Amino acid sequence: MRESVQAEVMMSFLVSEELSFRIPVELRYETCDPYAVRLTFHLPGDAPVTWAFGRELLIDGVGRPCGDGDVHIAPADPETFGEVLIRLQVGSDQALFRVGTAPLVAFLDRTDKLVPLGQERSLADFDTLLDEALDRILAEEPSAG
């Protein structure tokens, strides 16, 4: 059984209303973490940056504005559904990306063929995955003192 789905899409990094540039972004979905998708942004002159968030958030964001906290996804124009806006935020810093809907839908369709939406729990022991993720996060934090 195949254990991952990967695609590369071009996204526009919207620096301001007057300035944007296209960058390659790797989309990745893995059965070992069936609830999440990962987007790796290849910004010129910088090391690649990976964001992980819920697959369901990406699915929902293609059709309607959604997201809380650091990730917001919405159709650029709800009338045409031709493009999607992805806003990522850390503190007061944020980045806005625009991507065509078609490549996202094609990627999401492939993830659904690998693991149908709603069947993620059958692949993963969610509690174990959560414990492992929390252990990694705590190990990465600088020790106090």
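Summary of the structure given here.

Conventions and cut-offs
- Residue numbering note: each chain is counted from 1, following its sequence as written.
- In keeping with the predicted nature of the model, local features appear solely for residues at pLDDT of at least 70, side-chain atom pairs appear and are counted solely at 80 or more, and the whole-chain, interface and lining totals rest on all residues.
- Derived side-chain values reflect all non-hydrogen atoms in the structure, with water molecules and hydrogen atoms excluded from consideration.
- Any two strands between which DSSP finds at least two bridges are classified as paired.
- Under the DSSP-based scheme used, a helix requires at least four consecutive residues in state H or I and a strand at least two consecutive residues in state E, with every element numbered from the N terminus.
- Interaxial angle, 0 to 180 degrees, is taken between N-to-C directions of lines fitted to C-alpha atoms, where a helix line uses only the stretch in contact.
- Expected span, for any helix, means 1.5 Å times one less than how many residues it has.
- Only protein chains enter the accessibility calculation, which uses a 1.4 Å probe; a residue whose area is less than 20% of its type maximum is buried, one above 50% is exposed, and one in between is partly exposed.
- Read the arc as the range of directions from the helix axis to the C-beta atoms.
- The contact definition used throughout considers only heavy atoms, calling two residues in contact when any of these lie within 4.5 Å.
- Think of it this way: a Phe, Tyr or Trp ring, Trp meaning its six-membered ring, pairs with another when their centres are within 6.5 Å, and the plane angle makes it stacked under 30 degrees, edge-to-face over 60, tilted otherwise.
- Among the buried residues, those of types Ala, Val, Leu, Ile, Met, Phe, Trp, Tyr and Cys that are joined through side-chain atoms within 4.5 Å form a nonpolar core.

## Re the sheet that holds strand β1 (residues 4-14)
- Strands sit in the order β4-β3-β2-β1-β7-β6-β5 across an open sheet of 7 strands; the sheet is antiparallel. With one partner strand each, in any of the chains shown, β4 (49-54) and β5 (71-75) form the two edges of the open sheet. Sheet twist, expressed as the average angle between the axes of neighbouring strands with direction ignored, equals 30 degrees.
- Note that β5 and strand β6 (residues 83-90) share 5 bridges and pair antiparallel. Residue pairing across strands places valine 71 opposite leucine 88, the latter belonging to β6.

## Digging into helix α2 (residues 101-114)
- Helix length check: α2 (14 residues) gives 20 Å between terminal C-alpha atoms against 20 Å at 1.5 Å per residue, within 8%.
- Looking at α2, one finds that the buried residues are Thr101, Leu104, Phe107, Leu108, Thr111 and Leu114. The buried residues of α2 occupy one face: seen down the axis, they fall within an arc of 145 degrees. Relative to its buried face, α2 has exposed residues pointing more than 90 degrees away, namely Ala102 and Lys113.

## Let's talk about helix α1 (residues 55-63)
- Among all positions in α1, only Arg55, Leu58, Gly61 and Val62 are buried. The buried residues of α1 occupy an angular sector of 130 degrees when the element is viewed end-on, so they sit on one face.
- Tucked into the core, α1 has its buried residues touching β2 (20-30), β3 (36-41), β4, β5, β6 and α2.

## Some points on the packing of aromatic side chains
- Following the criterion strictly, the structure yields 3 aromatic pairs and no others.
- Judged by centre distance (5.3 Å) and plane angle (85 degrees), the rings of phenylalanine 13 and phenylalanine 21 are edge-to-face.
- Residue phenylalanine 13 is classed as buried on the basis of its relative accessible area, which comes to 17%.
- Counting every residue linked through ring pairs, the aromatic cluster contains Phe13, Phe21, Phe41 and Phe97.

## Structural notes on the environment of glutamate 120
- Along the chain, the position of glutamate 120 falls in the loop between α2 and α3 (126-140).
- We classify glutamate 120 as buried; its relative accessible area is 7%.
- Once residues within four sequence positions are removed from consideration, glutamate 120 is found in contact with Tyr29, Pro34, Tyr35, Arg55 and Val115.

## Some points on the nonpolar core
- Ranked by internal contacts, the top residues of the largest apolar core, which has 30 residues, are Met11, Leu39 and Phe41.
- Sort the elements by how many residues they give to this core and β1 lands first, with 5 residues.
- Excluding its chain neighbours within four sequence positions, the residues that come into contact with leucine 39 are Met11, Val25, Glu26, Leu27, Val49, Thr50, Trp51, Phe53 and Ile86.

Just geometry here; none of it tells us what the structure is for.
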